[in-house]
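Chains, contacts and geometry: an overview
Letter by letter, the chains look like this.
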Amino acid sequence: MSEIYKGDELARLLSGRRILIAGYGREGKSSKQLIRRLLPYADLTIAEGNENIQQEARKGFDLIVKSPGIPTFVFEGCCPLDSITSQTDLFLQVYASQTIGVTGTKGKSTTTNLIASAMRRHNPHTLMAGNMGIPLFDIVEQIDADTIIVAEFSCHQLENIHRAPHTAILLNLFQEHLDHYHSYLDYQLAKLQIALCQQSGDHFFYCEDNDTLKHLVAQHQSKMLGEVIPYSLHCPLTDQLRKMPTHLTGDHNLSNIVVARMATQVWGVDTQTFAQSLADFHGLEHRLECVGTYHGITFYNDSISTIPAACMAAVSSLSKVDTLILGGFDRGIDYSVLVPFIQQSTIRNIVLIGEAGHRIGKLLQESHADQGHNILYENNYELIVQWCYKHTAAGKTCLLSPAAASYDAFKNFEHRGRTFKELVLRYGNN
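Since the model is a prediction, treat every value here as computed from it, not as a measurement. (Residues numbered from 1 in each chain as written. Predicted model: local features only at pLDDT ≥ 70, side-chain atom pairs only at ≥ 80, totals over all residues. Heavy atoms only, no water.)

Let us look at the nonpolar core. Grouped together as the largest cluster of nonpolar side chains are 51 residues, with contacts concentrated most on Leu 10, Phe 91, Tyr 95, Val 140 and Phe 204. Those residues in contact with Leu 10 that sit more than four places away from it in its chain are Leu 34, Leu 38, Leu 90, Val 94, Tyr 95, Phe 137 and Val 140. Counting residues in each nonpolar core, the second largest holds 33 residues, with Ile 115, Ile 257, Val 258 and Trp 267 among its members. (Core = buried A, V, L, I, M, F, W, Y, C linked by side-chain atoms within 4.5 Å. Buried < 20%, exposed > 50% of the residue type's maximum accessible area, 1.4 Å probe, protein only. Contact = heavy atoms within 4.5 Å.)

Below, the structure is given as structure tokens:
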């Protein structure tokens, strides 16, 4: 396909196969569109919903292009698991040498966007895609030999890959997505494919400040072909980066800045170019986003927080957090670490939402950590925001950092964050 750079290579991966697209959301539709363009007469079937996908998978397809939202265990007993591929797998088999890939439990989007910002100053033909909502196949028509692709990858996108990005970054590992995996270790190993599937001459950066990640890399490093490069908040580069102006706050963001600088150095970005990009970078919506100060109270939207570690990092990054909004959809994550953290914090008011909120509340009660706190159990965000305005002291901060998923009441964390912001603005302007 002359219209698409390396289109012939993509077509060879698909040609002559009976193909099932499992899942027909944004990525599934993107896969169908490109496959039909490359191979107009391909034997192509589409299935949605776990039961329908299982029925189709039993029919013996040569290739199953799995969308990220479909757990791999759906296919167990239905088909050979080595027949499962993904858009990410196919893309990286062709374009890995041009790709910088970022994964981790938290910080992926911020780090990906920061790297892309710096790379664009260095090479205007830099593209960004992946887990933040831009399917990789949607950008193939824009790729040429000089293109650099900066991509964010989820665990679901990485678990079936055969080739990893030339520059790979694994930021951290915490309990997450346990509803999609048989064990926490399976989740960790899905993430680690970004290193295990590299080739000689590639680079793998990982944060050795994260104990889980450090131990996992140590166990599997002998199987890694790329150069393994640890980084830390305690490395010499950190002191230099602390002096650079930035809108990003907190040690967790400083850690993201450190690896962004190290990764862009590999691609030839100089210090001045990186510093300019960092100074201009304002962070992303729903990630420690300052909504504003109303009636003397400063409100922050950190709806991206779906695990305790993210919540604790948010509180630690801000000063004078007086009110914390916690909870939502319960996925069985261990919340015990929040109890001593809350006890030692400045937090006086706590809102607990949904099943996760009730479980956090029970832990607080059992340890008597609820004493001395104003606690509200409530699922209605309009009533929550009203309560926060009433109880948060002037000059202090109210933080939405739920440490839980949003699916019990919202489409996603973005929907939750925007709802919170709209209500803060509505009552703040009264």
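The subject of this paragraph is the side chain of Thr 147. You can see Thr 147 is positioned in the loop between β6 (126–130) and β7 (148–152). Thr 147 sits in the buried class, given a relative accessible area of 2%. For Thr 147, the side chain forms a polar contact with the side chain of His 125, separated by 3.1 Å. In this structure the side chain of Thr 147 is engaged in a polar contact, spanning 2.8 Å, whose partner is the backbone nitrogen of Asp 144. Dropping the residues within four chain positions of it, Thr 147 is found in contact with Gln 98, His 125, Leu 127 and Gln 142. (Helix = DSSP H or I, 4+ residues; strand = E, 2+ residues; numbered from the N terminus. Polar contact = N/O pair within 3.5 Å; in protein donor to acceptor, adjacent residues only side chain to side chain.)

Two faces make up the sheet, and in a regular strand the side chains alternate between them. Sheet topology places strand β1 (residues 18–22) next to strand β2 (residues 43–47); 5 bridges connect them, and they run parallel. Each bridged residue has a counterpart across the sheet, and for Ile 19 the counterpart in β2 is Leu 44. Remark: the β1/helix α2 (residues 26–38)/β2 crossover connection has right-handed handedness. (Pairing = 2+ DSSP bridges. Right-handed = clockwise from strand over helix to strand, strands pointing away.)

Below, the discussion takes up helix α11 (residues 271–280). Within the sequence span of α11, burial applies to Thr 273, Phe 274, Ser 277 and Leu 278. Looking straight down α11, one finds that the buried residues subtend no more than 130 degrees of arc, so they occupy a single side. At the N-terminal boundary of α11, the capping side chain belongs to Asp 270, with an oxygen 3.3 Å from the backbone nitrogen of Gln 272. (Arc of directions from axis to C-beta.)

The next thing to look at is unusual backbone geometry. One non-glycine residue, His 286, lies in positive phi territory at about 75 degrees. With respect to the helices and strands, His 286 occurs in the loop between α11 and β11 (289–294). Since its relative accessible area comes to 1%, His 286 is described here as buried.

Attention shifts here to the sheet that holds strand β3 (residues 63–66). Two pairing modes exist for strands in a sheet, parallel and antiparallel, and in both the strands are linked by backbone hydrogen bonds. One open sheet accounts for 4 strands, arranged β2-β1-β3-β4; its pairing is parallel. Because the sheet does not close on itself, it has two edges, and the strands there are β2 and β4 (84–85). As defined by bridge partners, β1 adjoins β3 across 4 bridges and the pair is classed as parallel. Residue pairing for β3: Ala 22 is matched across the bridge by Lys 66. In this fold α2 packs onto β1, β2 and β3, with an angle of close to 155 degrees to the strand it touches most, β1. (Axes fitted to C-alpha atoms, helices over the stretch in contact; angles between N-to-C directions.)

A separate point is the environment of Glu 159. One can find Glu 159 in the loop between α6 (155–158) and β8 (167–170). Between the C-alpha atom of Glu 159 and that of Gln 188, which follows or precedes it by 29 residues, the distance is 9.8 Å. The residues touching Glu 159, leaving out its near neighbours within four places in the chain, are Lys 66, Thr 72, Tyr 181, Ala 190 and Gln 193. Only 3.0 Å separates the side chain of Glu 159 from the side chain of Tyr 181, close enough to count as a polar contact.

To continue, consider the pairing of strand β12 (residues 297–301). β12 sits mainly inside the fold: 5 of its 5 residues count as buried. Neither face of β12 is left uncovered, since the one carrying Ile 297, Phe 299 and Asn 301 and the one carrying Thr 298 and Tyr 300 both have all their residues buried. Across 5 bridges, the pairing between β11 and β12 is antiparallel. Looking across to β12, one finds that Cys 290 is bridged to Tyr 300. Counting the residues that bridge the hairpin from β11 to β12 gives 2 residues, and of these His 295 lies at a positive phi of roughly 55 degrees. With 4 bridges connecting them, β12 and strand β16 (residues 397–400) associate as parallel partners. In the sheet register, Thr 298 faces β16, and the bridge partner there is Thr 397.

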